[in-house]
Amino acid sequence: MSDAPRGQSRFHAVRMRLEAMAITPGPRGWFLEFLVFGFKQGWACLFGGLMLALLLGTHLFWPDDAPLHRYDAITIGAVLIQLGMLAFRLETPKEALVILIFHIVGTVMELFKTAAGSWQYPEASLLHIGAVPLFSGFMYAAVGSYIARVWRIFDFRYTGYPPMWTSYALAAAIYVNFFAHHWTYDIRWFLFAATALLFWRCQVWFRPLHVHRRMPLLVGWGLVALFIWFAENIGTFARAWTYPSQDDGWHMVGLEKLGSWYLLMIISFVLVSLVQRPKAPDQPNGRSIDGGGSLNHLGPLSVM
């Protein structure tokens, strides 16, 4: 199993070996499952982790008198990372498509938000559109890459998932509000309420090793939003972008930004669902149950 099947990344073979390991019940088995969970999460974060390393590395070591602008070096580095991941099959073509979609969606938002003064890019560059350096789209793409990869690596399944059209409508409303609240009333609290109403019953089932565990999807989104907030603090520390309040010196981004990242998570998740359709857990006979079905007799599925 040295080569991954067509359409799969090279991690597929590693994942198959990990999931074939025999473990004994009890603390030792739980610890092994926790280690595998961490390894899979690290793999899912590969694109975003490399981007953060690029931002920090250029911030700390890029010479002021270099003939190439730092922002342009970041853009070129981001493109090389993307090409390298495809060339070495560290990423699937489907995941690359998700990244492209996120790059476009993110760049459009960046153009508007920088024009509105929400944040700025304080350094010069040649590779830019308006006031937005081209690497900025890759930061949004890193979020999309993570969701697409973690969805596949952990074999996500869902119960209580709302009708697909409602998630599309919610994501569209969130995206429009990111722009419209500059002129009209900010409806984010209505959007939070609509999110809770639609997804309060939804459970995401994920497989760290042998069995599926479950978590409320709303909680999962919140945890990811928290880690994005930590990454944002690293990005602003590296002066990849800054907020107006950071003009006189860096400080941590306010916790109120967690709400914005939570809403962005929903847009990201729904975009990924366009190429990786939400599936229900399998019954022992191999058939999928519907979103509201019971899991009392699913045999191999267990609850943490």
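Residues numbered from 1 in each chain as written. Predicted model: local features only at pLDDT ≥ 70, side-chain atom pairs only at ≥ 80, totals over all residues. Heavy atoms only, no water.

Our focus in this paragraph is the overall build of the chain. Counting secondary structure elements, the chain contains ten helices and five strands. Out of the 304 residues in the chain, the part that is buried amounts to 48%. When contacts within the chain are restricted to residue pairs at least 6 apart in sequence, long-range pairs at least 24 apart make up 72% of them. Entry remark: accessible area of the chain is about 15,300 Å², with carbon and sulfur atoms responsible for 69%. (Helix = DSSP H or I, 4+ residues; strand = E, 2+ residues; numbered from the N terminus. Buried < 20%, exposed > 50% of the residue type's maximum accessible area, 1.4 Å probe, protein only. Contact = heavy atoms within 4.5 Å. Areas by Shrake-Rupley, 256 points an atom, 1.4 Å probe, with all protein chains shown as cover.)

Okay, the pairing of strand 5 (residues 213-216) next. Looking down a regular strand, the side chains alternate between one sheet face and the other. When strand 4 (residues 203-206) meets strand 5, the two strands line up antiparallel, connected through four bridges. Within the sheet, the bridge partner assigned to Val-204 lies in strand 5 and is Met-215. Here strand 4 folds back onto strand 5 in antiparallel fashion, the turn holding six residues. (Pairing = 2+ DSSP bridges.)

Turning next to the environment of Asn-177. Checked against the element boundaries, Asn-177 lands in helix 7 (residues 164-180). Between the C-alpha atom of Asn-177 and that of Ile-187, which follows or precedes it by ten residues, the distance is 6.9 Å. Among residues more than four places away in sequence, those in contact with Asn-177 are Tyr-185, Asp-186, Ile-187, Arg-188 and Leu-191. Polar contacts involving the side chain of Asn-177 include one to the main-chain amide nitrogen of Ile-187, which spans 3.2 Å. (Polar contact = N/O pair within 3.5 Å; in protein donor to acceptor, adjacent residues only side chain to side chain.)

Backbone geometry places Asp-155, a non-glycine residue, at a positive phi of 50 degrees. Mapped onto the elements, Asp-155 comes out in the loop between helix 6 (136-153) and strand 3 (157-159). Classification of Asp-155 as buried rests on a relative accessible area of 18%. Positive phi is not limited to glycine here, since Arg-239 has a value of about 55 degrees. For Arg-239, the position within the fold is in the loop between helix 9 (217-237) and helix 10 (257-273). A residue is classified by how much of its surface remains accessible, and Arg-239, at 32% relative accessible area, is partly exposed.

Looking now at the pattern of salt bridges. In the structure shown here, the tally under the stated rule is six salt bridges. A salt bridge links Arg-70 to Glu-123; the shortest N-O distance between them is 2.8 Å. Taken as a pair, Arg-70 in helix 4 (residues 70-87) and Glu-123 in the loop between helix 5 (93-115) and strand 1 (128-129) lie far apart in primary sequence, 53 residues in all. Judged by relative accessible area, Glu-123 falls into the partly exposed class, the value being 28%. The salt bridge partner of Arg-157 is Asp-155, with a shortest N-O separation of 3.2 Å. Note on accessibility: Arg-157 and Asp-155 belong to one class, buried. (Salt bridge = Lys/Arg side-chain N within 4 Å of Asp/Glu carboxyl O.)

Here we take up the nonpolar core. Within the largest apolar cluster, 71 residues are counted, with the highest numbers of intra-cluster contacts made by Phe-47, Tyr-158 and Leu-217. When residues of this core are assigned to their parent elements, the largest contribution, twelve residues, is made by helix 6. What Phe-47 contacts, discounting residues up to four positions off in sequence, is Ile-81, Gln-82, Met-85, Glu-91, Ile-99, Phe-138, Ala-141, Ala-142 and Ser-145. (Core = buried A, V, L, I, M, F, W, Y, C linked by side-chain atoms within 4.5 Å.)

Here helix 10 contains 17 residues, and its C-alpha end-to-end distance of 24 Å stays within 8% of the 24 Å for a straight helix at 1.5 Å per residue. With 15 of its 17 residues buried, helix 10 lies for the most part within the structure. (Expected span 1.5 Å × (residues − 1).)

Okay, the confidence of the model for the chain next. The predicted model of the chain averages 86 in pLDDT, with 87% of residues at 70 or higher. Across residues 285-304, confidence stays below pLDDT 50; counting only partners more than four residues off in sequence or on other chains, it has 39 contacts. (pLDDT = per-residue confidence, 0-100.)

Taken as a whole, this structure holds 27 aromatic pairs when the rule is applied. Between Phe-192 and Tyr-262 the ring centres are 6.4 Å apart and the planes differ by 65 degrees, which places this aromatic pair in the edge-to-face class. Here Phe-192, found in helix 8 (residues 188-199), pairs with Tyr-262, found in helix 10; they are 70 residues apart in sequence, far enough to count as distant. For Tyr-262, a relative accessible area of 15% gives the class buried. Relative to Trp-250, the ring of Phe-237 lies with its centre 5.5 Å away and its plane at 85 degrees, an arrangement referred to as edge-to-face. Note that Phe-237 is positioned in helix 9 and Trp-250 in the loop between helix 9 and helix 10, a separation of 13 residues in sequence. Trp-250 sits in the partly exposed class, given a relative accessible area of 41%. By way of ring pairs, the aromatic residues Trp-151, Phe-156, Tyr-158, Tyr-161, Trp-189, Phe-192, Phe-199, Trp-221, Tyr-262 and Phe-269 are connected into one cluster. (Phe/Tyr/Trp six-rings, centres within 6.5 Å; stacked < 30°, edge-to-face > 60°.)

On to helix 7. With 17 residues, helix 7 ought to run about 24 Å at 1.5 Å a step, and its terminal C-alpha atoms sit 24 Å apart, in line with that. The complete set of buried residues in helix 7 reads Met-164, Thr-166, Ser-167, Leu-170, Ala-171, Ile-174, Asn-177, Phe-178 and Phe-179. Looking at the packing, one finds that the buried side of helix 7 touches helix 5, helix 8 and helix 10.

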